[in-house]
Amino acid sequence: MSQDTKDRIKHLLVQSVLKNMKAADIIDDSSLIDLGVGLDSVATLELVVALEEEFQVSIDEGEITPEILESVNCIEAFLSGKS
Amino acid sequence: MKTVPELFISAVNKFSSSDAVTEGDKRVSYEELGRFVNRFSSYLTSLGIKKGDKVITLLPNSIEFVVSFFGIAQLGAVSVPVSTAFKKQEIQFFIEHSGASLVLTDEGFAELLKDSASESGTLVTVVKEDSSDWQKSDEIQLDFDCIRPEDEAIYLYSTGSTGKPKRVSRTHTNLLALADNHTQTVGWNESDRVLFTIPISHTYGFGNFISSIKIGAAIVTLGEFNRHKVLDLVEKESVTIFPAVPVMLDALARTHIKEPGDISSLKLVISAGAPLSEHIFRAFHSKFGIYPRQLYGSTETGVISINLGDSIEERFGSVGRAVKNVEVLILDDNGQEVQSGQVGEIAVKSPSMTTGYYGLPEETAAVFKNGYYFTGDLGRIDPKGYIYIVGRKKLFINISGNKVDPGEVENVLTSHPLVKEAAVLGVSDDKGGELVKSVLVTEDDVESGEIMEYCSDRLAGYKVPRIVEFVNELPRSPSGKVLRERLK
C-alpha cells in the first residue's frame, strides 16, 4: 500500500471520528488514541463500515483492537493484511 | 396476574419446553429458567437480600441478566439495571443514588468496583462465570403473597437537564401494563424469537424483554452489536423480531455480504431511540427486503407508539399510532389540544408510566401534569392517528439512541484542572444524527485529545465530546445564560 492509502484513511477518519480535524493535520505515526479514536463504539463502527466501503474488504468489529487504531500506519498495516 | 413473579411463573408453566433464552451455544428452556431463577432467589437470600432491597445488575445481555432480574423480583426486591457502557464514576453514582446493597456483575467490573463499593458498604458479587455460586444454591419455596402490585419493581434512570440521571421507579403494575400494551398491539406469540443486541438494561430493550417473557417468546441474546453475528444469529436462531437503533440498520445495510444467509424468518425490524432517515429506511429494505418500523417510547412511560401500518412506504417517517391502553395528545404552550395536524408538545397517559422523579419535586411537577407525562418532544398527529416527531423542547443530545445530558458532560469538563468554563451542545452530523460538541475556556494551553481522554476516563464513550473547541469566553445572555445556539 502507499501514501495514497494513508491519505484515504485520513480522509475517512475525519469523516467518521475526527470531526474537527483536517486530514492534512493527521501525521502517519501520531497516536490516534490520543485524538479520541476508539473511545466511542458507534464512531468506531462508522469507521469500520467506511473502511470496508472504501477498500472493498470485509472487517469484523471484533477484529478491531486498540493496537490497530493506534495510528494511520497501523490501520494501513491492518488493511494490507486484508488484501 | 398482578406482579412480575406471577407473570414469570405463568410463562414458565405455560411454555415450559420452549426456548426462553439463548446465549451463544447455551440454550435455556422456560422450565430450566424457572429453576435457575429459583436458585438465584435462594442465592440472593443467602446474601441477605430481602423485600424492598435494591440490587444493581451490571451485566450485558445474557442468561445471567434474565435470571438476575426475575430472581430479584421473586424476593420483592428492586432491580436497578445499569449499562455496561458506563465508567466507574458513573456506576458509583447509580450505587449511591439507588441505595443498592448489592451489585451483580462480571469479574472485570467486580475488580473495578472493589475499593469504592466496600467503602460504601455495597456488596459486589460475580454472577457471570461458568461456576458462579448461585448455580450451586438449593432451590427454595418462595412466598409471593408479600409482593403487592403497587410495590416498586425496577429503577430506570432518565437523562435530563439536571446534570445527573433522574431515577424513574416503575411498579409491578406498571411493568405488567407495559408488557400488555406492547404485546397486545404488536401481536407477538410464543413462536416468536427476539434478538436482543440493544441493551436490556435500557428502557427500549427492557420493554421488549418483559413483553417477550410474557408471551413465551425466545430471547436470543447478543452482548455487543456485531453485524456479522447479528446476521448469523437471525439465520441460526430463526429470529423473527429484531429491535434495533438506526445506526445498526445503517451499518447492516452498508455491510458487504459475500454469501447472504437465509433471514426469511425475520418479520419485524423495529427502529427506535433516534429518528430513522429515509435513506436508511430504503437502504435496509433494499438489502434485506423488510421495512424497519419506527417505535416511540420513553423511560418515564415505556412504549408509546409503533408504526405497524400497511402504508409504510408513505409513512416511514412516523412513529406510528399509540399502542393499546396508551393515550397521546398534542398540546400547545397553554396545555390545550392543538387542531389535528398541528405541531405541539407530545403528552402521554399510560398505565405503564411512572409517577415522577425521585427526590426532584420541581422537575416532577414540570412534566407530570393532570395524569399526563409531558415528553418534551414536539410532534403532530395526522388524521389517521399516526404520530410524527418533529423536534424537541428538552435540552439533551441524542447519540444513536443514547441520551446525553449536556450538564453532566459540562460537570466533568469543568472538573479538569485547566478548564475554567465549558458549554456542551449537540450538533448535526452528516447522517441526520447528532454529535457531542464542547466549547471550552481554559486557563492554559490544552490539547483536545487530552480533554477527550479525560472525559473518556469518567464518562461512557458515547458521551465523550467528538468536537472540542476553545474560545476566550462563552457567549452569554444579559442574565448570564450560555447562548448555545451561537456555538453550533
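Computed from a predicted structure; not experimentally measured.

The rules we used
Residues numbered from 1 in each chain as written. Chains lettered and ligands numbered in written order. Predicted model: local features only at pLDDT ≥ 70, side-chain atom pairs only at ≥ 80, totals over all residues. Helix = DSSP H or I, 4+ residues; strand = E, 2+ residues; numbered from the N terminus. Rg over C-alpha atoms; globule rule 2.2 N^0.38 Å. Buried ≥ 20, exposed ≤ 12 C-beta atoms within 10 Å, placed from the backbone. Core = buried A, V, L, I, M, F, W, Y, C linked by C-beta atoms within 7 Å. Domains from an automatic or database assignment. Contact = placed C-beta atoms within 7 Å. Arc of directions from axis to C-beta. Pairing = 2+ DSSP bridges. Axes fitted to C-alpha atoms, helices over the stretch in contact; angles between N-to-C directions. Right-handed = clockwise from strand over helix to strand, strands pointing away.

A. Spatial organisation of the overall build of chain A. For chain A, the count of helices and strands is 3 helices and 0 strands. Ordered by position from the N terminus, the helices and strands of chain A form the series α-α-α. Relative to a compact globule of 83 residues, whose C-alpha radius of gyration would be 12 Å, chain A shows 11 Å and is just as compact. Its C-alpha atoms give chain A principal-axis dimensions of roughly 30 × 30 × 20 Å. For chain A, the residues scored as buried account for 35% of the 83 residues in total.

B. How the structure looks around the nonpolar core. Residue and element names in this part refer to chain B. Among the nonpolar cores identified, the biggest contains 167 residues, and Val55, Ile56, Val103, Leu195 and Ile219 are the most heavily contacted of them. Here this core takes 8 residues from helix H3 (residues 63–73), the largest share from any one element. No fewer than three residues from each of domain 1 (4–381) and domain 2 (397–487) sit in this core. If we ignore the near neighbours within four places in the chain, the residues touching Leu195 are Val220, Leu222, Val230, Leu233, Val234, Val239 and Phe242.

C. Summary view of helix H1 (residues 4–14) of chain B. Residue and element names in this part refer to chain B. Where H1 is concerned, the buried positions are Val4, Pro5, Leu7, Phe8, Ala11 and Val12. Down the axis of H1, the buried side of the element spans an arc of 160 degrees, and every buried residue falls inside it. Across from the buried face of H1, at angles greater than 90 degrees, the exposed residues are Asn13 and Lys14. Lining the buried residues of H1 we find helix H2 (30–46), H3, strand E7 (152–158), helix H6 (172–186) and helix H7 (203–214).

D. Broad picture of the sheet that holds strand E23 (residues 419–428) of chain B. Residue and element names in this part refer to chain B. With mixed pairing, the 3 strands of this open sheet are ordered in space as E23-E24-E25. The sheet terminates laterally at E23 and strand E25 (467–470), the two strands that pair on one side only. In this sheet, adjacent strand axes meet at a mean angle of 25 degrees when their direction is disregarded. Together, E23 and strand E24 (434–442) form the strand contacts of helix H12 (residues 406–414), whose direction differs from that of E23 by roughly 145 degrees.

E. Spotlight on the pairing of strand E12 (residues 268–271) of chain B. Residues and elements named next belong to chain B. Neither face of E12 is open: one carries Leu268 and Ile270, the other Val269 and Ser271, and all of them are buried. Bridge analysis of strand E11 (residues 241–244) against E12 gives 4 bridges, and the strand direction is parallel. Pairing of Ala244 across the sheet is with Ser271, part of E12. After leaving E11, the chain enters helix H9 (residues 246–254) and then returns to the sheet as E12, a path that is right-handed. The pairing of E12 with strand E13 (residues 292–298) spans 3 bridges and is classified as parallel.

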